[in-house]
Amino acid sequence: MIIIGAKGHAKEIFEIFKESELSEALYFFDDINKDDTKTLFNCRILKNLLEVKNIFSENKSFCLGIGKPQLRSLLAEKLIKQGGIMESVISQRALVAQSSVIDSGVNLMPFSAVYNCTKIGKGALINSFASIHHDCIVGNFTEVSPGSRVLGRSKIGAFCSLGANSVVLPKIEICDNVTIGAGAVVTKSILHEGTYVGIPAKKIT
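Here, residues in each chain are numbered from 1, in the same order as that chain's written sequence. It should be noted that, the model being predicted, local features are given only for residues of pLDDT at least 70 and side-chain atom pairs only at 80 or more, the latter also being counted only at that level, while totals for whole chains, interfaces and linings use all residues. Working from all heavy atoms in the structure, the side-chain values ignore hydrogens and water.

**Concerning helix H2 (residues 49-56)**
For the record, the criterion: Think of it in three bands: residues with accessible area under 20% of the maximum for their type are buried, residues over 50% are exposed, and the middle band is partly exposed, with areas taken using a 1.4 Å probe on protein chains only. The way it works is that DSSP assigns letters per residue, a run of H or I at least four long becomes a helix, a run of E at least two long becomes a strand, and they are numbered from the N terminus. Directions pointing from the helix axis toward each C-beta atom define the arc. Identification of polar contacts relies on pairs of N or O atoms within 3.5 Å, with a donor-acceptor requirement for protein atoms, meaning one able to donate a hydrogen and the other able to accept it, and with residues adjacent in sequence counted only if both atoms are side-chain atoms.
Restricting attention to buried positions, one finds in H2 the residues Glu51, Val52, Ile55 and Phe56. An end-on view of H2 places all buried positions within 140 degrees of arc, on one side of the element. A distance of 3.1 Å separates the backbone nitrogen of Leu50 from a side-chain oxygen at the start of H2, and that oxygen is part of Asn48.

What follows is the structure in structure tokens.
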């Protein structure tokens, strides 16, 4: 298994494999940072796609280990073009309702919660202590930061970023490409992309 990224979030993903005693035969892939670091947690850091293809000849699985939605999508597409298969990583300490639907490439971090009849889109990240409540939809590659709460029957678009401890009230719709600031409370549906902060959340850019 290749973990895309070799910085902060990738380290957290590694810990999920470690808690499951699945940390053997792991690699990191980082062709963005140009430092000379060759290993992380005694795992090799792959620096280019040729090295990735060599690993894929034995195991085509990879997972996402970076937070930014657009970068998650870009690097996922890059490895899929090399024949990779994007896998979800779900912590044993995450709460996942049986009626929820989890697409490929999702990260569910420790102490996150995905409740009944929710749909989590491809490549999404539900971070530690974040909660997605009943009948919600989270779009592809959207990042839900630590402590963020999405309340019942809300719909979050693709490539969104919900800041730490933000709250989306029930039955809210948020379009694609929206950033919600840390601690913001979304009280009305958001129909235009941009950055929204405050209580209630208002557009600033």
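**Notes on the sheet that holds strand S6 (residues 85-86)**
Quick reminder of the rule: When DSSP finds two or more bridges between two strands, those strands count as paired.
As summarised here, the arrangement of the six strands in space is S3-S4-S2-S1-S5-S6, forming an open sheet in which the pairing is mixed. Each edge of the open sheet carries a strand with a single partner, namely strand S3 (39-40) and S6. By the bridge criterion, three bridges tie strand S1 (residues 2-4) to strand S5 (residues 61-64) in an arrangement that is parallel. Along S5, the bridge assignment pairs Ile2 with Phe62.

**Looking at the sheet that holds strand S15 (residues 137-138)**
Pairing between the strands of a sheet comes from backbone hydrogen bonds, and it takes one of two forms, parallel or antiparallel. The five strands lie next to each other as S9-S12-S15-S18-S21, forming an open sheet whose pairing is parallel. The sheet terminates laterally at strand S9 (101-102) and strand S21 (173-174), the two strands that pair on one side only. Relative to S21, strand S18 (residues 155-156) is paired through two bridges, and the arrangement is parallel. Across the sheet, Lys155 pairs through a bridge with Glu173, a residue of S21.

**Description of the packing of aromatic side chains**
Rules: Classification of ring pairs uses Phe, Tyr and Trp, with its six-membered ring standing for Trp, and accepts pairs whose centres are within 6.5 Å; under 30 degrees between planes counts as stacked, over 60 as edge-to-face, and the remaining range as tilted.
According to the stated counting rule, one finds four aromatic pairs in the structure shown. A ring pair is formed by Phe14 and Phe28, whose centres lie 6.1 Å apart and whose planes are at 35 degrees; its orientation type is tilted. With Phe14 in helix H1 (residues 8-19) and Phe28 in strand S2 (residues 27-29), this residue pair connects regions lying 14 residues apart in the sequence. Phe14 gets classed as buried once you look at its relative accessible area, which sits at 6%. One aromatic cluster is present, formed by Phe14, Phe28 and Phe41 through successive ring pairs.

**With respect to helix H3 (residues 69-81)**
We count it as follows: A helix is expected to span 1.5 Å multiplied by its residue count minus one.
The end-to-end C-alpha distance of H3, which contains 13 residues, comes to 19 Å, matching closely the 18 Å that a straight helix rising 1.5 Å per residue would cover. Backbone geometry just downstream of H3 places Gly83 in the positive-phi region, at approximately 95 degrees.

**Here we look at the environment of Ser104**
The cut-off we apply is this: Contacts are assigned to residue pairs with any non-hydrogen atoms lying within 4.5 Å of each other.
You can see Ser104 is positioned in the loop between S9 and strand S10 (107-108). The partly exposed category is assigned to Ser104, whose relative accessible area is 27%. For the pair Ser104 and Ile120, spaced 16 residues apart in the sequence, the C-alpha separation amounts to 9.1 Å. Apart from the residues within four sequence positions on either side, Ser104 is in contact with Met86, Ser88, Lys122 and Gly123.

**Structural notes on unusual backbone geometry**
Negative phi is the rule for most residues except glycine; trans is the rule for most peptide bonds. At the junction of Ile199 and Pro200, the peptide bond is cis and its omega measures out at -5 degrees in the coordinates. Looking at the secondary structure, you find Pro200 in the loop between strand S24 (194-197) and strand S25 (202-203). With a phi close to 60 degrees, Phe159 is a non-glycine residue in the positive phi region. Relative to the assigned elements, Phe159 resides in the loop between S18 and strand S19 (161-162). Here the phi dihedral of Asn165 falls at roughly 65 degrees; this positive angle occurs in a residue that is not glycine.

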